[in-house]
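Spelled out from the first residue to the last, the chains are:
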Amino acid sequence: MNKEENIIVVENLVKKFGNFVANDNLNFEVKKGEIFGFLGANGAGKTTAIKILSGLSKPTSGKAIVAGFDVSRETDEVKKNIGYMSQRFSLYDDLTVKENFRFYGGIYRLSNKEIREKTEFMLNKLGMTDYRDMLLKKIPLGWKQKLAFSVAGMHDPAVVFLDEPTGGVDPITRRQFWEMIYEKADEGTTVFVTTHYMDEAEYCQRVSIMAEGRIEALDTPAMLKKQFGVKTMDEVFVKIARV
Amino acid sequence: MSVKLEIQELNKDFEKVKALKNVSLKVEPGELFGFIGPDGAGKTTLFRLITSLLLPTSGSISVDGLDCVSDFKKIRNLTGYMPGRFSLYLDLTVEENLNFYASIFKTSLKENYHLIKDIYEQIEPFKKRKAGDLSGGMKQKLALSCALIHKPKLLILDEPTTGVDAVSRKEFWELLKKMQKTGITILVSTPYMDEASLCDRVALMQKGEIMAVDTPEIIVNSYAGRLWEVKTNNMFALLSNLNEINDDIRLIFRFGETVHFTTTKLEEDTVSTLVASSLKEKGHENIVVKKTVAQIEDCFLALMEE
């Protein structure tokens, strides 16, 4: 595998619900180890696209390849090769930290030994070894999100999809979370992330912005700011998304 | 038609967890007051106490001179509350939800239509639609209409913009500013630090405590120390490299395309040369170091580190 390899390839992707076009002819690629920001207003079609890319929903037409597998035909293979976390759903509140790791490790078909090793390794890294037997619901949101990210990446997937991973998280933990993202990407995992924090758009290598089902802009943050003649990603976003 | 809010030495414990620790503050009539803080700061607990949905462990709250415990019935009539989680009836239509909330307060949609006209007009074409079938933005407008239907003097909005995109957030704040002109007192909570500047005054909250209360201007102007921003061609290495330069270079945080840091002791005119030359030695190029003005998030981060 080399860094230039495309991990996500989307060609003429269309998703319709009845007459409503949720994804209108999307075309883009995401490289191995890239941090790709997937932005857009609420209702622009981001969630629909993420569901298709993670094998949970089939496109109406067009094609998407994730980690070398076709999302329409090889959904099981796609699911084995991706990780997913969101603010709304990540880990199980009524399982302990360790049980969550074991549960997800099992789903991703890791051996017991691998699960044990990964769990220890990640809890050590997060400085959370003392919390292994604590129920998830007792753990503050910021820590929970770091754990969820670790779990989403424990099977070394080709891509992790992060859907608003830092919503409501305090500003220090939010930055630590991005350090984790950088580290994961550095190991070669592609990170596909949505956020409503515009400073976080700056932390992505490339950013796409959706409006009304279409990708209206896609480039590095620096180029997007140049293209729209503005100083911040916030202003770029407002120009594109305010219809 | 606006009211004053007074909170004195308020504490709320949930078993061992101290959700609010000795919170005291006053909100003036007609103010748009923001509670800024992350999840777990105690914002929702505070709002539930003000709306009399919870009882304080100790301390007191008065709304318009009424006590939140003994006069709770009167306070509920004065208050409009939009909880963080959508809590209208999903299987009632837009119109039915509004009529239901109006009837609880012994009024009707017809009688108070003018109060919610600006907001309700935007969802009125869908008035026969079930609340469960509305989009996120429309649900928010319906919830706000329901909170306003009985002409409250105090409006309490718990994280109305969480999970809302940057453009819709701006529109929502424009709406709040417009509502404020009718004289209503508004309390609003948010985890987005950039929204602080839209409030008359804010309380910065963290782990059940208020770290600062003031106008956003005064909070940012009283930032302790000199704040700098730096940018190079290697942003990933920048954080750790900055940390190695001098003990007086503290509070090193990424801010969008730059990194912010704070100095207190170093001579002001030596800082940029010191930082630029040290970074150059470590292989950075295109180094730009300059003084910058604190934002609320800088202040929040500094307070968290204290």
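Rules used in this analysis
Residues numbered from 1 in each chain as written. Chains lettered and ligands numbered in written order. Predicted model: local features only at pLDDT ≥ 70, side-chain atom pairs only at ≥ 80, totals over all residues. Heavy atoms only, no water. Core = buried A, V, L, I, M, F, W, Y, C linked by side-chain atoms within 4.5 Å. Buried < 20%, exposed > 50% of the residue type's maximum accessible area, 1.4 Å probe, protein only. Domains from an automatic or database assignment. Contact = heavy atoms within 4.5 Å. Buried area = accessible area lost by both parts, 1.4 Å probe. Phe/Tyr/Trp six-rings, centres within 6.5 Å; stacked < 30°, edge-to-face > 60°. Helix = DSSP H or I, 4+ residues; strand = E, 2+ residues; numbered from the N terminus. Lys NZ or Arg CZ within 6 Å of the ring centre and 35° of its normal. Pairing = 2+ DSSP bridges. Polar contact = N/O pair within 3.5 Å; in protein donor to acceptor, adjacent residues only side chain to side chain. Salt bridge = Lys/Arg side-chain N within 4 Å of Asp/Glu carboxyl O.

Peer 1: Explain the nonpolar core here, please?
Peer 2: Side chains of a nonpolar character, in soluble globular proteins, are inclined to be buried together. Counting residues in hydrophobic clusters, the biggest one holds 55 residues, and the most contacted among them are Leu142, Leu144, Leu155, Leu157 and Leu204 of chain B. There are two domains that each give this core at least three residues, and those are domain 1 (5-215) and domain 2 (223-305) of chain B. Discounting chain neighbours no more than four positions away, the residues touching leucine 144 of chain B are Met82, Ile119, Leu155, Leu157, Phe172, Leu175 and Met179 of chain B. Counting residues in each nonpolar core, the second largest holds 49 residues, with Phe177, Ala185 and Ala217 of chain A together with Val167 of chain B among its members.

Peer 1: Would you mind showing me how to read the domain arrangement of chain B here?
Peer 2: Accessible area lost on assembly of the parts is the figure often given for the size of an interface. Residues and elements named next belong to chain B. Partitioning chain B into domains gives domain 1 (5-215) and domain 2 (223-305). In this structure, domain 1 and domain 2 have C-alpha centres spaced 38 Å apart. Contacts between the two partners involve 10 residues from domain 1 and, on the opposite side, five residues from domain 2. Of the roughly 670 Å² buried at the junction of domain 1 and domain 2 (both faces included), carbon and sulfur atoms supply 88%.

Peer 1: Help me understand the packing of aromatic side chains in this model?
Peer 2: Throughout the structure, instances matching the rule amount to 20 aromatic pairs over all chains. Ring centres 6.1 Å apart and planes at 40 degrees place the aromatic pair phenylalanine 28 of chain A and phenylalanine 38 of chain A in the tilted group. On the criterion of sequence distance, the pair formed by phenylalanine 28 of chain A in strand β2 (residues 20-31) and phenylalanine 38 of chain A in strand β3 (residues 35-40) is long-range, its members being 10 residues apart. Here phenylalanine 28 of chain A matches phenylalanine 38 of chain A in class, with each residue buried. Taken together, the aromatic side chains of Phe28, Phe36, Phe38, Phe161 and Phe192 of chain A make up a single cluster linked through ring pairs. We note arginine 175 of chain A situated over the ring of phenylalanine 255 of chain B; from NZ or CZ to the ring centre the distance is 4.5 Å. A cation sits over an aromatic face here: lysine 139 of chain B above phenylalanine 86 of chain B, 5.5 Å from the ring centre.

Peer 1: Whenever I open this one, the pairing of strand β11 (residues 226-231) of chain B confuses me. Can you help?
Peer 2: Moving residue by residue along a regular strand, the side chains alternate between the two faces of the sheet. Residue and element names in this part refer to chain B. Taken together, the five bridges between β11 and strand β13 (residues 258-263) define a ladder with antiparallel strand orientation. Looking across to β13, one finds that leucine 227 is bridged to threonine 262. In this structure, β11 lies alongside strand β14 (residues 288-291), joined through four bridges in antiparallel fashion. Its bridge partner lying in β14, tryptophan 228 is registered against lysine 291.

Peer 1: How should I be thinking about the environment of tryptophan 173 of chain B in this particular structure?
Peer 2: All names here are of chain B. With respect to the helices and strands, the residue tryptophan 173 is situated in helix α6 (residues 166-180). Looking at tryptophan 173, the relative accessible area reads 3%, which means it is buried. Distance from tryptophan 173 to proline 160, taken between C-alpha atoms, is 9.7 Å for residues 13 residues apart in sequence. Those residues in contact with tryptophan 173 that lie beyond four places of it in its chain are Leu32, Thr161, Val188, Glu195, Leu198 and Cys199. A polar side-chain atom of tryptophan 173 sits 3.2 Å from a polar atom in the side chain of glutamate 195.

Peer 1: Looking at this structure, I do not really get the interface of chain A and chain B. What am I missing?
Peer 2: Tallying the contact residues gives 27 residues for chain A and 28 residues for chain B. The junction of chain A with chain B conceals about 2300 Å² of combined surface from both sides, 59% of it contributed by carbon and sulfur atoms. A per-residue breakdown of the area chain A buries against chain B is headed by Ile172, Arg175 and Arg242 of chain A, which together make up 24% of the total. Remark: the boundary between chain A and chain B carries four salt bridges. Between arginine 175 of chain A and glutamate 297 of chain B there is a salt bridge; the shortest N-O distance is 2.8 Å. Inspection of the chain A/chain B interface yields 13 residue pairs in polar contact (both at pLDDT 80 or more). Contributing elements (two or more residues each) for the side of chain A that touches chain B: α6 (171-186), α7 (198-201) and α9 (233-241) of chain A. Top element by residues in the side of chain A that touches chain B is α6 of chain A. It accounts for six residues.

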